[in-house]
Amino acid sequence: MSRESTLVGRTRARPGAFGFLTDTTLCIGCKACEVACKQWNQLPMDDFGFTGMSYDNTGDLGATTWRHVAFIERVADREGRRPTRLQPFQSNWLMLSDVCKHCVNAGCMEACPTGAIIRTEFDTVVIQQDICNGCGYCVPACPFGVPALSPLDGKAHKCTLCYDRLKDGLEPACSKACPTDAIQFGPVHALMDRAKARVAELRAQGVEAQIYGDEALGGTGGIGGLNAFFILTAPPEVYNLPAAPELPQRRVLPAFLTTALAALALGLATLVTFWRSKEVRHD
Amino acid sequence: MPGLGARLGRGGATTTLASLAESDCIVIMGSNMAENHPVGFRFVVKARQRGARVIHVDPRFSRTSALADLHVPIRPGSDLVFLGALVNYVLNSERWNSDPFFREYVLHYTNASVIVSPDFRDTEDLAGVFSGYDPQQRWYDPSSWQYAGRVQPLEGERWPCRPRIEPERDPTLQHPNCALQVVKRHFARYTPEIVEQACGVPRDLFVEVAETILANSGRDRTTAFCYAVAWTQHTIGTQIISCCALLQLLLGNIGRPGGGILALRGHATIQGSTDIPTLFDLLPGYLKMPRAIPQHATLADYFAHERPATGLWYDMPKFLISLLKAWYGDAATPENDFAYELLPKIGGDYSFQSILTMMKDGIIKGLFVMGMNPAVGGQNARLARQALANLDWLVVRDVHEIETASFWYDAPEVRSGEVRPQDIKTEVFFLPAAIAAEKDGTFTNTHRLVQWHDKAVDPPGDARSEAHFVFHLGRRLKELYAGDDSPAGRQIAALTWDYPTVGPHQEPDLMAVAREVSGYRVSDGRPVAGFHELADDGSTACGCWIYSGIVTPEGEHRAKRRRGDDRASLDWGFAWPANRRILYNRASADPQGRPWSERKKWIWWDPEQQRWVGYDVPDFPATKPPDYQSPPDARGLDAHPGTAPFIMMLDGQGWLFVPLGLLDGPLPTHYEPWETPVTNPLYPEQPRSPVAPVFLRPDNPYHEIGDPRYPYVITTYRLTEHHTAGGMSRWVPWLAELQPAGFVEISPELARELGISTGDWVVVETARGCAEARALVTERVQPLVIAGRTVHVIGMPWHFGFGGLATGGIANELAALVEDPNSLIHEAKSFTCTIRKGRLREEVGR
């Protein structure tokens, strides 16, 4: 897998934008981020139960889970042999703390008909709870499946990047709680520089690391980059992340044009058919 | 604790978490550090980022393994074979024998050159036991383990002490009975081939580990070991830890930055609870609790038998008498031996497992349970609950109604109708407790660092701090016993118990407690600057000498300091003793007092100032020059030369051979766990520890070695998401949802054999009991080939119980009461079991 071409680290994040760098290679899957998020934001527990999906029992991001740690076991090879010599940093049991990506161009925001979803002064994307009417348009508009309607109040919820904490000059609860600095908070452009250096360092040690969330990977399709981006060591699909997401809105114009074209073609075909049947009758 | 103490002088971690960041190689063994010490693990990650090698030796591939460079799967209970083989490999390696660093360190800083008594016989000569073994009593007479040499009695002491020992030495290290040669012979059998046979670790993998450790030890590089209770909880736990100390001494890694042994404690302030102990056989500061024996009859008797002539423990009278002054105040006078007579004397074994059986047998009638959940956390948990059910009264203080408080109406045996609540006569008092954020106080963390925490919110309702409860209980007892002239009444009446109280709930003033712990001059109450100011004439009082100086003479609590830096961070909290961060740090310099290397400098001798200087507080007399030679009649630390880093030891040296202090032998020896599917490949005649305390009683049956009914090895452990027996996590929705149900981890290989899939209900069974759980089939667990046959390992977290939100079968229901002879710690990391698909009782709902 040659990823040289993907190490571009280009993002259209606005100057002054803040975000997360989540470096999976440093993550120990402790879920402190998940708990710190729920505690700060006073989110209730999810549907409760043993899933059997490795150590992941909360399943997915949702209306009441805004940080979610995914566990992917890739321990043995095809013959069932367990590895002993491991690649540096996280390997074989992958753990990723997923979060809202705070897209540079956010599908959810564009789809929101009430203006409840706004872009803050930190360039983060926040759903204003007093305006959201629970229409749910943002839900399918997100290529990452982040916003969700809560059965408790019927409204859409997702990570606010701790807007209230940022207003008070504090870093978000998850990054504050992370013991290994796998979650780093800061200005997106500075984080991107750090990510590029880290990926270069990892590759020098033979780790096939890559940035997920620049314009080449993860921030594709008109998204323009993710303000909350990741360092991964496996293809994004392994972590249940789309390899080439795109803004759903980008499909509107082509769909409209295609539809128009199709209508035109059908109309013409109808006309031609009628014309020809007339001719046939003349015959 | 005795594992490190017997060889190095103190049971505490020799290094700090932050110092791990300076390691060149970190071996994590007997610990799942990333999961159970995630905050401390940040320094392992830091070290890795600086290029260190991280090795995880563990039966399971855990979250720690995921961040390691090397995962070495090992059979539970075979750790000592692995460590012993490392010792053997190192001693016979070319590097160790050619690099002068190792010889210089070992010759000067350890007892390698001491000649051992010719009466000593090794396990290699006596088919698995040392000389002095009494098979009837199942204990050792250690008199043949002594040094060859001269014993010099001392006269003219203010307080008596033991005679001074002057051993014979061979500085060439060639004498067949010098400690190094004895060690070398003892471990000769611990070969890579035996490792493969006993541990299931392939030879080449073992050699890679050994070579990596060797390459990262020396003048310019250091290797650290991190261990936790997966070394402790074995019948040979102390010897496993002690073997690591032996290895690190040989490699010259003790007392140096990035080296050492990090004893990762079970949970918050466990270190503190042994320093100022909740243990039955210790007084604060590791002073031995007096026993009801003639040798401890009077204070003078106690010193005559416990006080050594050499080393820091020579100052024992200062520490003990200051403690008696702190506890008994004006009632402690020179005329009455400072009220020594009032100290309770131990008449037997009152360790946790023993008191469980005593409760069940009706000997103990009442119990206070604080910060513990024995109905779930006790070994042989069913026996533990039967013990609770046989009490007259039980006081449980906790933040939730834990199983120990609810067992009488909610335990599995009650739910099934086997036991009826009305037949349980125990009167249970459940009192709500405040958690850390609801009270002021300190934590003593894993590397002896004391840190203050402020109260953030008031505790809800009637919840109160432990300090509140204990203080007011004591106050009321004093009222109750006023004028009572019985021994118990006099003990309670004499206690100083006059802490001022603050706030609407009359919480005791913790600063007053801290001042007492730290020590003060009796005449005017001025805090002492440290234990060097304590006296043995009753003019000072000190509640715990190793914490002395935590309150400064100006009245500042040093645990409140929060100024960190890149080195020792001396102004961040307070580390006992005397704020020393790396213990035995005299060894960070060579015998002449120069740093071993620029990269690994820590403290060194400054000839200009004529004192030890550096980044840390010297764990050594500050002005004792490196070339100091002790006069023949010197006492205490003056009897140690200027090259003796281990100030608590008699001779100031790290002990490769331990002539006294360990009950199961002077050298680490592998014995199989009490329950094992295989025989001992090293000593077939002596498969199990010859001196492990066993509880032979019908309610605690053991499995025979290789019992076909219990073919699998089971190991129990914890998860990041839960806290010990669950009292602080299983009732908390945010934590409970992360690991909502009890489960067992089994390999796909075993799952296929038994037809089990992930999510299935399974029942794990031993002769003690059964536990029901969900199956988690994972490649992270693997069968091992031991001596040509496949041994399956089952992993089971022990957090779960029948109360709270996250419930599950109790893993400790399966474990037996059986102990390490030194620490009296149970064996929960390796025993045998069987497992089947299905449920315990079909009628039980989902």
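Criteria and thresholds
- All residue numbers here refer to positions counted from 1 along the written sequence of the relevant chain.
- Ligands are numbered from 1 and chains lettered from A, in the order in which they are written.
- Reporting in this predicted model follows two pLDDT cut-offs: at least 70 for local features of residues, and 80 or more for side-chain atom pairs to be given and counted; totals over whole chains, interfaces and linings ignore these cut-offs and use all residues.
- UniProt positions are given in the numbering used here, feature names are shortened, and annotations may be inferred rather than shown by experiment.
- Should DSSP find at least two bridges between two strands, the strands are regarded as paired.
- For helices the rule is a DSSP run of H or I covering at least 4 residues; for strands it is a run of E covering at least 2, with both sets numbered from the N terminus onward.
- The angle between two axes is taken between their N-to-C directions and runs from 0 to 180 degrees, where each axis is a line fitted to C-alpha atoms and a helix contributes only its stretch in contact.
- With C-beta atoms placed from the backbone, a residue counts as buried when 20 or more other C-beta atoms lie within 10 Å of its own, as exposed when 12 or fewer do, and as partly exposed for counts between those limits.
- With C-beta atoms placed from the backbone, a contact is any residue pair whose C-beta atoms sit within 7 Å.
- For a helix, the expected span equals 1.5 Å multiplied by the number of residues minus one.
- All the domain ranges listed were derived from an automatic or database domain assignment.

- In the annotation of an unreviewed UniProt entry, chain A is listed under the name 4Fe-4S dicluster domain-containing protein and assigned to Thermomicrobium roseum.
- If you open the UniProt record of chain A and go to Subcellular location (unreviewed entry), you find "Cell envelope".

## Observations regarding the sheet that holds strand β16 (residues 449-453) of chain B
Residues and elements named next belong to chain B.
- Read from one edge to the other, the open sheet built from three strands follows the order β15-β16-β23, with strand pairing classed as antiparallel. Edge strands, defined here as strands with exactly one partner in the open sheet, are β15 (441-444) and β23 (574-575).
- In this sheet, β16 lies alongside β15 in antiparallel orientation, the contact comprising four bridges. Bridge pairing in β16 places G441 opposite H453.

## With respect to the sheet that holds strand β8 (residues 223-227) of chain B
Residue and element names in this part refer to chain B.
- With parallel pairing, the five strands of this open sheet are ordered in space as β3-β2-β1-β8-β9. Strands with a single pairing partner mark the edges of an open sheet, and in this sheet they are β3 (70-72) and β9 (261-263). Sheet twist, expressed as the mean angle between neighbouring strand axes with direction ignored, is 15 degrees.

## Observations regarding the environment of A787 of chain B
Residues and elements named next belong to chain B.
- Its place among the elements puts A787 in the loop between β30 (784-786) and β31 (789-791).
- Of the residues examined, A787 has 13 C-beta atoms within 10 Å and is grouped as partly exposed.
- In this structure, the C-alpha to C-alpha distance between A787 and V678, residues 109 residues apart in sequence, is 8.4 Å.
- Once residues lying within four places of it in the same chain are set aside, the contact partners of A787 are Q197, V678 and P681.

## Description of the pairing of strand β13 (residues 393-398) of chain B
- Direction of pairing for strand β12 (residues 366-370) of chain B relative to β13 of chain B: parallel, over a ladder of five bridges. By the bridge assignment, V369 of chain B is partnered in β13 of chain B with V396 of chain B.

## What to know about unusual backbone geometry
- That bond from W576 of chain B to P577 of chain B is cis: its omega, -10 degrees, falls within 30 degrees of zero.
- With respect to the helices and strands, P577 of chain B occurs in the loop between β23 and β24 (603-606).
- The backbone phi angle of S54 of chain A is positive, close to 50 degrees, even though this residue is not glycine.
- By secondary structure assignment, the location of S54 of chain A is in the loop between α1 (32-41) and β2 (67-73).
- For S54 of chain A, a count of 18 C-beta atoms within 10 Å corresponds to the partly exposed category.
- Despite not being glycine, A578 of chain B has its phi angle at roughly 55 degrees, a positive value.
- Within the secondary structure layout, A578 of chain B lies in the loop between β23 and β24.

## Some points on the environment of P143 of chain A
Residues and elements named next belong to chain A.
- As for its position among the elements, P143 is in the loop between α3 (138-141) and β6 (148-149).
- Under the C-beta neighbour-count criterion, P143 is labelled buried, with 21 such atoms within 10 Å.
- Residues contacting P143, with those up to four places away along its chain left out, are G107, P242, P245, E246 and P248.

## Points about helix α21 (residues 466-481) of chain B
- In this model α21 of chain B runs 22 Å from its N-terminal to its C-terminal C-alpha over 16 residues, within 8% of the 22 Å that 1.5 Å per residue would give.
- Where α21 of chain B terminates, the next one or two residues include G483 of chain B, which has phi positive at roughly 80 degrees.

## Remarks on the domain arrangement of chain B
- Under the domain assignment, chain B is made up of domain 1 (2-116 + 174-268), domain 2 (280-350 + 448-575) and domain 3 (712-837).
- Of note, the centres of domain 1 of chain B and domain 2 of chain B, computed from C-alpha atoms alone, are 35 Å apart.

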